[in-house]
Structure formats: C-alpha cells, structure tokens
Amino acid sequence: MSASVRSKTPFINKEYLLKALERIGVNYTLQGDFIVTDRIDYKGAQKFFLQGRNYVLEHDSDNYFIKNSPQLKTAKSFLNALEVEYKKEQQRVEEEIRQRKLEMERIRQEELERIRQEELRKKQEQLQDTQRKRMEEERLAQTSYKEREKKLAEKIKQLEEKAKQEELQKYIESQKEQIYKKAQEAGYKVKETQKGEKIQLVLVRRS
Amino acid sequence: MNEEKIILEINPDGSINAKTQGFKGEVCLTQLEEILGEQLHFAQVKKTDEYYQQDQIKTNETVKRSQK
C-alpha cells in the first residue's frame with residue numbers, strides 16, 4: 001500500500017528543505033525536480049517531488065522496512081522533525097533578513113542624518129555668509145556715513161574759515177580806510193602796493 | 001627839506017608792521033599813534049640807535065600791531 005502525506009508546513013523553499021534534511025541526518029541526492037533521500041521503505045527510496053509550489057514526500061505507508069534514520073521510523077515523525085528544522089531554518093533566514101534590513105535601515109538613517117547634517121552645515125554657512133555680507137554692507141554704510149560726516153565737517157570748517165576770512169578782510173579794509181583818512185589829515189601822501197599777501201602803505205610827508 | 005616816511009605793512013591776519021624814517025625822537029611813536037588811532041597797542045617796539053639821537057634827522061621805528 002502506498003500513500004502521499006502532505007506536511008503541515010508547506011515545504012516551499014528548496015534550500016530550507018535541504019538544510020532541514022541535513023540537520024536531522026538524512027542524506028539526499030538531487031535528481032531533476034526530485035530530492036531523493038536515503039530513507040528506504042517498501043517502495044524504495046523516499047523522495048520529495050514538486051507538487052505545484054510545494055515539495056511533497058512520496059513514501060510507503062508501511063514503516064516496517066524503513067532503513068536509515070531509525071530514530072525517525074515513521075513518515076510522520078520524519079516529517080515532524082523535518083518541519084521543526086525547516087521552520088528553524090526559515091526563522092534563521094528571516095532573522096538574518098530582518099537583521100540585514102535593520103542594518104540597512106541603520107545605514108539609511110545614518111546616511112539621512114549625514115545628509116541632514118550636511119544640509120544644516122550648508123544652511124549655516126549660507127546664513128553666516130549672509131550675516132557676513134550684511135555686516136560688510138553695514139560696515140560700508142557706516143564708513144560711507146562717516147565719510148559724509150567728515151566731508152560735511154570739512155565743508156562747515158571751510159565755510160567758517162571763509163566767513164572768518166571775509167570778516168578779517170573787512171576789518172583790514174576798514175583799517176586801511178582809517179589809515180588813509182588819518183594820513184591825509186596829517187599831510188601824508190599814501191602809496192599802496194601789494195607785497196605777496198601783505199599790503200604795504202608808504203606814507204610820505206615833507207616838512 | 002626833511003622827508004618823513006612811515007611804512008606800514010598790513011599782514012593777512014590783520015596785524016600791522018610799521019617802520020618810520022626821518023623823525024626826531026619820540027615823534028615817530030606819536031605819529032604812529034595819530035595814524036593808527038588810539039586803539040593802537042604795541043606788541044613789539046624795536047628802537048633803533050637813531051631813536052636815541054634826538055637831534056638826528058632819522059629815527060627808525062618798528063612796531064607790530066596785534067589784531068583786535
């Protein structure tokens with residue numbers, strides 16, 4: 001009598017299945033789509049074949065003649081043990097994938113943080129640059145203001161100097177007129193000449 | 001005939017330098033006072049040797065008038 005038994009967990013992944021067989025000490029050979037084990041029953045070698053997407057064990061229902069893996073004499077105990085190891089491998093790989101994902105996420109986060117820091121640094125540099133430019137503009141404006149202030153002060157000084165000169169000139173003219181008048185009253189003849197910045201008056205009288 | 005001469009130089013700052021020639025004794029100073037007015041203040045007077053020679057014809061005075 002022969003039968004096909006479907007395991008509880010579908011053996012979809014061939015790699016997990018082969019690893020599980022190795023862990024429970026069952027040798028196998030790959031023959032096309034078949035995974036042929038060294039478990040021998042009445043029909044011969046028990047083997048897995050692909051049914052749809054699942055690997056299914058083909059074996060005889062009589063366990064009496066089973067050879068090899070004596071601790072897993074029945075197909076049920078064999079498949080139970082195989083399922084445990086299959087799940088362990090599946091979990092191991094899933095855990096590995098999870099760890100890899102975590103690692104990738106960590107790397108991604110680090111990269112994001114690095115980019116964020118870089119952008120922050122650039123913004124700070126731009127801000128500093130803007131501040132520097134603003135300070136420079138303020139400095140130039142201040143300099144310009146000081147220069148204007150200085151020019152204005154110079155202008156005021158020039159005007160004051162001019163006013164002073166004009167006042168002085170008026171004073172000199174009035175003095176000159178007074179001298180002319182007094183000299184003529186005293187009988188002097190007056191001769192005026194310009195000597196550089198000085199005015200020379202020569203008063204002459206004969207007695 | 002005696003020639004009396006007063007040479008006045010008006011400086012840019014308004015001060016006046018004065019020299020006299022041909023005056024006898026202190027007459028030169030009184031003449032300067034007459035010409036330059038009562039407000040005249042002598043800042044510096046250098047009397048030449050001739051000033052002390054009362055009978056000499058020439059007296060040379062140098063005065064400097066300070067600006068008001």
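Residues numbered from 1 in each chain as written. Chains lettered and ligands numbered in written order. Predicted model: local features only at pLDDT ≥ 70, side-chain atom pairs only at ≥ 80, totals over all residues. Heavy atoms only, no water.

**Quick notes on the overall build of chain B**
- Of regular secondary structure, chain B possesses one helix and four strands.
- Counting from the amino terminus, chain B carries its helices and strands in the arrangement β-β-α-β-β.
- Here chain B has roughly 3800 Å² of accessible surface; of this, 44% comes from carbon and sulfur atoms. (Helix = DSSP H or I, 4+ residues; strand = E, 2+ residues; numbered from the N terminus. Areas by Shrake-Rupley, 256 points an atom, 1.4 Å probe, with all protein chains shown as cover.)

**So, the nonpolar core**
- Among the nonpolar cores identified, the biggest contains 21 residues, and I179, Y188 and L203 of chain A together with I6, L8 and I35 of chain B are the most heavily contacted of them.
- Of all the elements in the fold, those that place two or more residues in this core are α2 (75–185) and β7 (198–206) of chain A together with β1 (3–10), β2 (16–21) and α1 (27–36) of chain B.
- Non-local contacts of I35 of chain B, meaning those with residues more than four positions away in its chain, are made with Q178, I179, K182, A183, A186, Y188 and L203 of chain A together with I6 and L8 of chain B. (Core = buried A, V, L, I, M, F, W, Y, C linked by side-chain atoms within 4.5 Å. Buried < 20%, exposed > 50% of the residue type's maximum accessible area, 1.4 Å probe, protein only. Contact = heavy atoms within 4.5 Å.)

**Overview of the pairing of β7 of chain A**
- Where strand β6 (residues 189–195) of chain A lies against β7 of chain A, seven bridges are found, and the strand directions are antiparallel. Within β7 of chain A, the position partnered with K191 of chain A by the bridge is V202 of chain A.
- Linkage of β6 of chain A to β7 of chain A, two consecutive antiparallel strands, is achieved through a turn of two residues, within which G196 of chain A is found at a positive phi near 65 degrees.
- When β7 of chain A meets β1 of chain B, the two strands line up antiparallel, connected through eight bridges. The residue of β1 of chain B that forms the bridge with R205 of chain A is E4 of chain B. (Pairing = 2+ DSSP bridges.)

**A short note on the packing of α2 of chain A against α1 of chain B**
- Between α2 of chain A and α1 of chain B, the least distance of the axes is 7 Å, while the angle of their chain directions is 125 degrees. The pairing of α2 of chain A with α1 of chain B is recorded here as oblique in orientation. Each of Q178, I179, K182 and A183 of chain A in α2 of chain A lies in contact with α1 of chain B, whose residues at this interface are E34, I35 and L36 of chain B.
- Per-class residue counts for the contact of α2 of chain A with α1 of chain B are four nonpolar, one polar and two charged. (Axes fitted to C-alpha atoms, helices over the stretch in contact; angles between N-to-C directions. Parallel < 35°, antiparallel > 145°, perpendicular 65-115°, else oblique. Nonpolar A, V, L, I, M, F, W, Y, C, P; charged D, E, K, R; others polar.)

**Things to note about the packing of aromatic side chains**
All names here are of chain A.
- Overall, the coordinates contain four aromatic pairs over all chains when judged by the stated rule.
- Grouped by ring-pair contacts, the aromatic residues F11, Y16, F48, F78 and Y86 constitute a single cluster.
- Here R39 stacks its cationic end above the ring of F78, 4.1 Å away from the centre of that ring. (Phe/Tyr/Trp six-rings, centres within 6.5 Å; stacked < 30°, edge-to-face > 60°. Lys NZ or Arg CZ within 6 Å of the ring centre and 35° of its normal.)

**Considerations on the confidence of the model for chain A**
- Of the residues in chain A, 92% reach a pLDDT of 70 or more, and the chain-wide mean stands at 88.
- Put simply, strand β1 (residues 2–5) of chain A is where chain A has its lowest mean pLDDT, 54, and strand β2 (residues 28–31) of chain A is where it has its highest, 95. (pLDDT = per-residue confidence, 0-100.)

**A few points about the interface of chain B and chain A**
- Listed as interface residues are 25 residues of chain B and, on the opposing side, 22 residues of chain A.
- Of the roughly 2300 Å² buried between chain B and chain A, counting both surfaces, carbon and sulfur atoms make up 53%.
- Here chain B and chain A share three salt bridges between them.
- Between R206 of chain A and E3 of chain B there is a salt bridge, with its nearest N and O atoms 3.1 Å apart.
- Scanning the region where chain B abuts chain A turns up eight residue pairs in polar contact (both at pLDDT 80 or more).
- Contributing elements (two or more residues each) for the side of chain B that touches chain A: β1, β2 and α1 of chain B.
- It is β1 of chain B that contributes the most residues to the side of chain B that touches chain A, eight residues altogether. (Buried area = accessible area lost by both parts, 1.4 Å probe. Salt bridge = Lys/Arg side-chain N within 4 Å of Asp/Glu carboxyl O. Polar contact = N/O pair within 3.5 Å; in protein donor to acceptor, adjacent residues only side chain to side chain.)

**A closer look at the packing of helix α1 (residues 14–23) of chain A against α2 of chain A**
All names here are of chain A.
- Packing of α1 against α2 brings their axes to within 8 Å, and their N-to-C directions diverge by 120 degrees. Judged by the angle between their axes, α1 and α2 are oblique. Between α1 and α2 the crossing geometry is right-handed. Listed contacts from α2 to Y16, L17, K19, A20, L21 and R23 of α1 are F78, L82, E85, Y86, K88, E89, Q90, R92 and V93.
- Looking at side-chain class alone, the contact of α1 with α2 contains eight nonpolar, one polar and six charged residues. (Left-handed = near helix turned anticlockwise from the far one by under 90°.)

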